[in-house]
Amino acid sequence: MLAHEKPIFTKVAQELYKSNTDEQIRYACQAREEYEFQMKRRQEMLDEYEFQMKRRQKQLEEYESQMKLNQAQLDELQAENNKLRLELERLKETKK
């Protein structure tokens, strides 16, 4: 072969191989950097979504707690209202 006959061709072939290999390594490094950047970005987004979900869950728990208090107050007021209605009916009956 021609490269075996002349050392300059062997040297050129080696340099071309090295150059191509360096370029492939550079592309692989760039791809890895891009992958790591995307994974970091996705993790940051997931962390933010998780934070928002926890915040909203806490709000929901607070609202549910407030609803229970409101329901208890409503029950008390309805009971008092019923008591007063019965008293009013009794008074109407005694007035007759």
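Refer to the preceding data block for the structure.
Presented here is an overview of the structure given in this document.

1. Examining the overall build of the chain
- Looking only at helices and strands, the chain has two helices and zero strands in total.
- Against the compact-globule benchmark of 12 Å for 96 residues, the chain has a radius of gyration of 41 Å, which places it well outside the compact range.
- Expressed along its principal axes, the backbone C-alpha trace of the chain runs to roughly 135 × 15 × 10 Å.
- Classification of the 96 residues of the chain by burial places 1% in the buried group.
- Here the chain has roughly 9,700 Å² of accessible surface; of this, 57% comes from carbon and sulfur atoms.

2. Observations concerning the pattern of salt bridges
- In the structure shown here, the tally under the stated rule is three salt bridges.
- The partner of R32 in a salt bridge is E36, with the nearest N and O atoms 3.0 Å apart. Of this pair, R32 and E36 both sit in helix 2 (residues 7–95), separated by four residues, roughly a single helical turn.
- In this structure, K54 engages E50 in a salt bridge whose closest nitrogen and oxygen atoms are separated by 3.2 Å. On the criterion of helical spacing, the pair formed by K54 and E50 is a turn pair, its members being four residues apart in helix 2.

3. Focus on a nonpolar patch on the surface
- On the surface, M45, L46 and Y49 cluster together into a nonpolar patch covering about 320 Å² of accessible area.
- Within the secondary structure layout, Y49 lies in helix 2.

Quick notes on the rules
Residues numbered from 1 in each chain as written. Predicted model: local features only at pLDDT ≥ 70, side-chain atom pairs only at ≥ 80, totals over all residues. Heavy atoms only, no water. Helix = DSSP H or I, 4+ residues; strand = E, 2+ residues; numbered from the N terminus. Rg over C-alpha atoms; globule rule 2.2 N^0.38 Å. Buried < 20%, exposed > 50% of the residue type's maximum accessible area, 1.4 Å probe, protein only. Areas by Shrake-Rupley, 256 points an atom, 1.4 Å probe, with all protein chains shown as cover. Salt bridge = Lys/Arg side-chain N within 4 Å of Asp/Glu carboxyl O. Patch = residues over 30% accessible without salt bridge, like charges linked within 9 Å, V, L, I, M, F, W, Y side chains within 5 Å.

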